[in-house]
Protein chains: 2
Amino acid sequence: MARRQGETLYSVLADEIAAMIAAGTLQPGDKLPSLRELRDRRGVSLATVNEAFRVLEERALIEARPQSGFFVRQRLCEPPPSSRPRLVPAAVTVNRRLWDYLQLTRGKRRSFCYAVMSPSCFPNRQLQKLMNDTLREQPGMLSDYGGPRGLEILRRQIAVHTLEWGGRLTADDIQVTAGGIEALNLALRAVTQPGDVVAVESPTYFGLLQLFESMGLKTLEIPTDPEHGMSVDALDLATRDGNVAACVMMPNFSNPTGSLMSDAAKLRLVKLLDERGVPLIEDDIYGEFYQGRDRPRPAKAFDETGNVLYCASYTKLVAPGMRVGWISAGRYSSQVEIIKYINTFSTPAIMQATLARFLESGAYEQHLRKLRKLCSEQLCRVSDGLARYFPEGTRWTRPRGGYLCWVELPNGVDTMRLLEDAVQEDISFAPGSLFSARRAYRNYLRLCCGEPWSPQVDGALRRLGELAKRHVDRGESSRRSDAGLVLPHPGQAPRIIVPQTI
Amino acid sequence: MARRQGETLYSVLADEIAAMIAAGTLQPGDKLPSLRELRDRRGVSLATVNEAFRVLEERALIEARPQSGFFVRQRLCEPPPSSRPRLVPAAVTVNRRLWDYLQLTRGKRRSFCYAVMSPSCFPNRQLQKLMNDTLREQPGMLSDYGGPRGLEILRRQIAVHTLEWGGRLTADDIQVTAGGIEALNLALRAVTQPGDVVAVESPTYFGLLQLFESMGLKTLEIPTDPEHGMSVDALDLATRDGNVAACVMMPNFSNPTGSLMSDAAKLRLVKLLDERGVPLIEDDIYGEFYQGRDRPRPAKAFDETGNVLYCASYTKLVAPGMRVGWISAGRYSSQVEIIKYINTFSTPAIMQATLARFLESGAYEQHLRKLRKLCSEQLCRVSDGLARYFPEGTRWTRPRGGYLCWVELPNGVDTMRLLEDAVQEDISFAPGSLFSARRAYRNYLRLCCGEPWSPQVDGALRRLGELAKRHVDRGESSRRSDAGLVLPHPGQAPRIIVPQTI
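This one's a predicted model, so the numbers in the text were calculated from it and none came from an experiment. (Residues numbered from 1 in each chain as written. Chains lettered and ligands numbered in written order. Predicted model: local features only at pLDDT ≥ 70, side-chain atom pairs only at ≥ 80, totals over all residues.)

Focus: the overall build of chain A
Where we set the bar: Runs of H or I in DSSP of at least four residues are treated as helices and runs of E of at least two as strands, each being numbered from the N terminus. Residue burial is a threshold on neighbouring C-beta atoms within 10 Å of the residue's own C-beta, all placed from the backbone, with 20 or more meaning buried, 12 or fewer meaning exposed, and counts in between meaning partly exposed. Note on contacts: each residue gets a C-beta atom placed from the backbone, and two residues are in contact if those atoms are within 7 Å.
A tally of helices and strands in chain A yields 15 helices and 18 strands. Along the first, second and third principal axes, the C-alpha set of chain A runs to 65 × 60 × 50 Å. Per-residue burial for chain A yields a buried fraction of 55% across its 502 residues. Within chain A, contacts between residues separated by at least 24 positions form 76% of all contacts whose residues are at least 6 apart in sequence.

Have a look at this one:
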């Protein structure tokens, strides 16, 4: 291989392949030669080919498909454009829309709406055994409050596992919570007061918006790229006047877009917010679901001053039904501890002890590898299905981690109405309008790809594509109406908790 | 027996015994004749004697002591006077005091501070077996979110058990929570907005005050009698101007006083608040810990319009480490459900299923009978100990349920300073100043009597009495200072979350 001074063998190889893709020699969907073939053909080491592929994956030019090798990424999959919300704080009133959504989607079988892997993906039998062993040895665990901070054995295991991303945390830095959602509650209650403005990605997780509403917080949506995450430039601008009390975001595989911020952007983000005295609440619940070789670092890894409140959870990783999450709240730790004390007091000790044992065993890493492979495969399949089944002009993200896909349908389609039709056929998803306090993203939807691929899942996606096409054809946009949404208890619709004037 | 027309046999008998007590013929601490003796001597039925004793218990003239029979109540035990707080809303800033308290009392062995029974009082082995059976049959339970409202099997069991107090609830009326404290969080978040004024008993549970602080609520302390609960007259006055957004209280065996409202007062309370449009959040976590024959009815039993948000928990009844509570929120149910969704999403299904099985079995009632007996005995012992060991002029409550005792030391003693001395000897309790936003009750303390009686517990109470006497002698009141309270992380003291101006 021709190599200029200073260049590594792998970068030369990577550039060659990239050039072939750019020139159309290698087409989207083409299979690349295997690692061994390339090694033999080019006379380089396996490690060099490996590294070249890693670089190409990072540049989003190729992708690994489980058990099949590496492929040129589908260029069909064009992501939606960056969001451009107005930089004006808004009161949040998503209550009613969220309630409608929950009622509509309750108990639907072919569901693309629950942001969790299928129950079959979790190590149930292993956990059951560990739990029973623990209880047999320490039956008193059920009658023990366990304390607000959480069991030390678990906190130590959590700390050890943060080594992977350079966490440098100790057991004392960690507060156990009832899942990731309680961690967010504690963080927000620790650093904000009613009426405060909180900066978020746009779009952002609807549960977070509902949380803001119930806490009387205003939201400031920051322009965000569906592939590369929140614009730090825009955040810089938005935080200049000192009116932002906190920032909540998911730098790794955000919900709903699956965007991933670069390390450089994370570093800038952490420095900026620290200088401005704005606490950063980082939600990293999808960080472990990476597809490449290396776990992306969270912003917390760049935190030198304790200004990042890092939230994570084992809910999506190990067992949704255990409800164990955690927060490392840096310099806000004592506030967080006291709020845990009055929110749920403690997290069941038996869940914590069982999880600690699971983390201590090698079974955890093994399980994660399996889970990552599943997610990656399912995201591939859904992306392929979107290309095949969905109307012309549809755009979507193809995240490099997590299992969420953010889909933009042609302008004019109202995905809340599409959902009404879909649930009739037992298919569900999350409509885009839930992900913004500004009622934007009406023609967007979030698909969760947590279900192992099957002809049924494929059929549901195809059917959803057909329904979407029909909505495009009917030009649904001309008929805006919320008729047809009937609440089960008409007298009991939730009142809007936060007054419009806040 | 001489009986006037319209009088029942048992009321005549009860009046006779009451008259003997009033005349001093029967002295405090005297043992009454046994049921059988009285039956034989008076020629009435056993049921009549039984009923007469019940009436006398209700009038707080006699008390049952486990395995010993009935005794004339210790007149020594004079309760503290009714509280007379000013009817002015106050911002709550208990954070710092609570933090000091938590740091001081952490891990103390001879503890009168945790409001929970000793771990040995709970049916650990039974629960362990039920949990293991459930998991073996349904291992998928650990990977199942379970849904925000909770498992139907548990909600049905809960509903069935409310029959005892005339609950008339169905499974649909019940929302499962992460312990009683989450139930209070959900209730408050459902019916209040930041800045609202909430009426409470005075004194009231310090966790509730902390909750108000973190939610930006103001508190209005209502005059309360340590034996008979909140003054409905005062509440009537306080809610006339329409400025009270909600009322939170514990009509049955309140924390910290152990007061019990009469049925008539509860009925008046419920009607009054309904007429005024003020939601009543009722915390009934001690309701099952009654000493007499009948469970006292909660205010919810008198609720015809769904204005009462009834909170309860199995934490103190069955297993603190399971963290299962519930709320029946009446007409506010849908708000509560949506807030559960964003606070902790769901309660671990395995805990719910295990508890449902335990409730279904007869073991639950059997366990409760044991627990009630223990509480009653321990309250007796603590009351006796207070009479023997504590300084002249000490007054305390002798509740007819629960296991909390509210103690007033002579004026001038600062119980926060007493606590500082006590923890040096591994003895702890909750100082009175925690129980008011107005920093009242400085010479009060709350004793939890959850520990089975033993020479060690007796010794700790005696030692506490000695320390209290020393504080009286030293005239602690003249030297007010918080010196000596050192936080473990001096830089991390919790900031006051709610500004004084709200």
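A closer look at the interface of chain A and chain B
How large an interface is tends to be reported as the accessible area lost when its parts come together. We apply this condition: The residue classification treats Ala, Val, Leu, Ile, Met, Phe, Trp, Tyr, Cys and Pro as nonpolar and Asp, Glu, Lys and Arg as charged. All others, Gly included, are polar.
On the side of chain B, 62 residues touch chain A, which itself brings 62 residues to the contact. At the level of secondary structure, the elements contributing two or more residues to the side of chain A that touches chain B comprise α4 (95-105), α5 (124-137), α7 (179-191), α8 (206-215), α11 (333-343) and α12 (349-360) of chain A. Residues that form the side of chain A that touches chain B fall into these classes: 32 nonpolar, 23 polar and seven charged.

With respect to the relation of the copies chain A and chain B
Threshold: Overlaid copies result from least-squares superposition on C-alpha atoms, with residues included only where pLDDT is at least 70 in both.
Note on the identical chains: chain A maps onto chain B by a rotation of 180 degrees and an axial translation of 0.1 Å, with an RMSD of 0.2 Å. Put plainly, the chains are arranged around a two-fold axis. Mapped onto chain B, 100% of the interface residues of chain A again fall at the interface, so both copies present the same surface.

Some points on the sheet that holds strand β17 (residues 430-431) of chain A
Residues and elements named next belong to chain A. Defined as follows: At least two bridges found by DSSP between two strands is the condition for calling them paired. All axes are obtained by fitting lines to C-alpha atoms, using only the stretch in contact for helices, and the reported angles, taken between N-to-C directions, cover 0 to 180 degrees.
The strand order across the open sheet formed by four strands is β14-β15-β18-β17, and the pairing between neighbours is antiparallel. Two strands bound the open sheet, and with one partner strand each, they are β14 (395-396) and β17. One ladder, built from two bridges, connects β14 with strand β15 (residues 404-408); its direction is antiparallel. Across the sheet, the residue bridging to Trp396 is Val407, located in β15. Relative to the sheet, helix α13 (residues 363-389) contacts β14, β15 and β18 (444-448), its axis offset from that of β15 by approximately 15 degrees.

Considering the packing of helix α1 (residues 9-22) of chain A against helix α3 (residues 46-58) of chain A
Residues and elements named next belong to chain A. As a reminder of what qualifies: To sort the angles, those under 35 degrees are grouped as roughly parallel, those over 145 as roughly antiparallel, those from 65 to 115 as roughly perpendicular, and the leftovers as oblique. Note on convention: near helix rotated counterclockwise from far helix by under a right angle means a left-handed crossing. Clockwise means right-handed.
Interhelical geometry of α1 versus α3 gives an angle of 50 degrees and a closest axis separation of 8 Å. Classified by the angle their axes make, α1 and α3 are oblique. Judged by the sense of rotation from one axis to the other, the crossing of α1 with α3 is right-handed. In contact with Leu9, Tyr10, Ser11, Leu13, Ala14, Ile17 and Ala18 of α1, α3 contributes Thr48, Val49, Glu51, Ala52, Val55 and Leu56. Partitioning the contact of α1 with α3 into residue classes produces ten nonpolar, two polar and one charged.

What to know about the sheet that holds strand β6 (residues 197-201) of chain A
Residues and elements named next belong to chain A. Overall, mixed pairing links the eight strands, which are arranged β3-β7-β6-β10-β11-β12-β13-β5 in an open sheet. The outermost strands of the open sheet, each flanked by one partner alone, are β3 (90-91) and β5 (175-177). Relative to strand β13 (residues 325-328), strand β12 (residues 308-313) is paired through four bridges, and the arrangement is antiparallel. Its bridge partner lying in β13, Ser313 is registered against Gly325.

Concerning helix α15 (residues 455-474) of chain A
Residues and elements named next belong to chain A. Keep this limit in mind: A helix is expected to span 1.5 Å for every residue after the first. When we speak of the arc, we mean the arc of directions from the helix axis to the C-beta atoms.
Compared with the 28 Å implied by 1.5 Å per residue over 20 residues, the 28 Å span of α15 between its first and last C-alpha is a close match. Among the residues of α15, those classed as buried are Val457, Ala460, Leu461, Leu464, Ala468, His471 and Val472. Along the axis of α15, the buried residues cluster in a sector spanning 120 degrees; they form a single face. The exposed residues of α15 that point more than 90 degrees off its buried face are Pro455, Gln456 and Asp473. Looking at the buried positions of α15, the neighbouring elements they touch are β4 (110-111), α13, α14 (415-424) and β16 (427-428).

Concerning the packing of α14 of chain A against α15 of chain A
All names here are of chain A. In the contact formed by α14 and α15, the axes pass within 10 Å of each other and the chain directions differ by 135 degrees. By the criterion of interaxial angle, the relationship of α14 to α15 is oblique. In this structure, the crossing between α14 and α15 has a hand that is right-handed. Between α14 and α15, the residues in contact are Arg417, Leu418, Asp421 and Ala422 and Leu464, Leu467, Ala468 and His471, respectively. Looking at side-chain class alone, the contact of α14 with α15 contains five nonpolar, one polar and two charged residues.

Some words on unusual backbone geometry
Residues and elements named next belong to chain A. Going from Ser202 to Pro203, the amide bond is cis rather than trans, its omega being 5 degrees. Among the structural elements, Pro203 can be located in the loop between β6 and α8. The phi dihedral of Asp426 falls on the positive side, at around 65 degrees, and the residue is not glycine. Summarising the element assignment, Asp426 is placed in the loop between α14 and β16.

With respect to the pairing of strand β7 (residues 218-222) of chain A
Residue and element names in this part refer to chain A. Of all the five residues making up β7, five are buried; the element is thus mostly covered by neighbouring parts of the structure. Alternating positions in β7 separate into two faces, Lys218, Leu220 and Ile222 on one and Thr219 and Glu221 on the other, with burial throughout. Sheet topology note: the β3/β7 ladder contains two bridges and is antiparallel. What sits directly across from Ala91, in β7, is Lys218. Sheet analysis places β6 next to β7, joined by five bridges and oriented parallel. Considered in β7, the bridge of Val198 is made with Thr219.

Examining helix α10 (residues 263-276) of chain B
All names here are of chain B. If you check α10, its first and last C-alpha atoms are 20 Å apart, about what 14 residues at 1.5 Å a residue would give, namely 20 Å. Regarding α10, the residues found buried are Lys266, Leu269, Val270 and Leu273. The arc that holds every buried residue of α10, seen down its axis, measures 95 degrees, which confines them to one face. In α10, the exposed positions that point more than 90 degrees away from the buried face belong to Ala264 and Glu275. The inward-facing, buried residues of α10 abut α9 (232-238), β10 (244-249), β11 (280-283) and β12 (308-313). Of the residues trailing α10, Gly277 is marked for its positive phi of about 70 degrees.

Description of the pairing of strand β18 (residues 444-448) of chain B
Along any regular strand the residues' side chains alternate between the sheet's two faces. Residue and element names in this part refer to chain B. Counting buried residues in β18 gives five out of five residues, a clear majority hidden from the surface. Residues of β18 alternate between two faces, with Tyr444, Arg446 and Cys448 on one and Leu445 and Leu447 on the opposite face, all of them buried. The pairing of strand β15 (residues 404-408) with β18 spans five bridges and is classified as antiparallel. In the sheet register, Cys405 faces β18, and the bridge partner there is Leu447. Bridge analysis of strand β17 (residues 430-431) against β18 gives two bridges, and the strand direction is antiparallel. Paired with Pro431 across the strands is Leu445, a residue of β18.

A word on the environment of Gln126 of chain B
Residue and element names in this part refer to chain B. Among the structural elements, Gln126 can be located in helix α5 (residues 124-137). Classification of Gln126 by C-beta neighbours within 10 Å gives buried; the count is 21. Sequence spacing of Gln126 and Asp414 is 288 residues, and the spatial spacing of their C-alpha atoms is 44 Å. Ignoring sequence-local partners within four residues, the contact set of Gln126 consists of Phe358 and Ala363.

Remarks on the confidence of the model for chain A
Residue and element names in this part refer to chain A. So the rule is basically this: One confidence number per residue, pLDDT, is output by the predictor and ranges from 0 to 100.
Model confidence for chain A is summarised by a mean pLDDT of 88, while 92% of its residues fall at 70 or above. Of the regions scoring below 50 in pLDDT, residues 476-502 engages in 44 contacts with residues more than four places distant in sequence or in other chains. For this predicted complex, the interface confidence score (ipTM) comes to 0.81, while the overall pTM stands at 0.83.

Points about the environment of Glu182 of chain B
Relative to the helices and strands, Glu182 of chain B is located in helix α7 (residues 179-191). Sequence separation of Glu182 of chain B and Ile327 of chain B is 145 residues, and the distance between their C-alpha atoms is 9.2 Å. Setting aside its immediate chain neighbours within four residues, Glu182 of chain B contacts Asn343 and Thr344 of chain A together with Thr177, Gly325, Asn343 and Thr344 of chain B.

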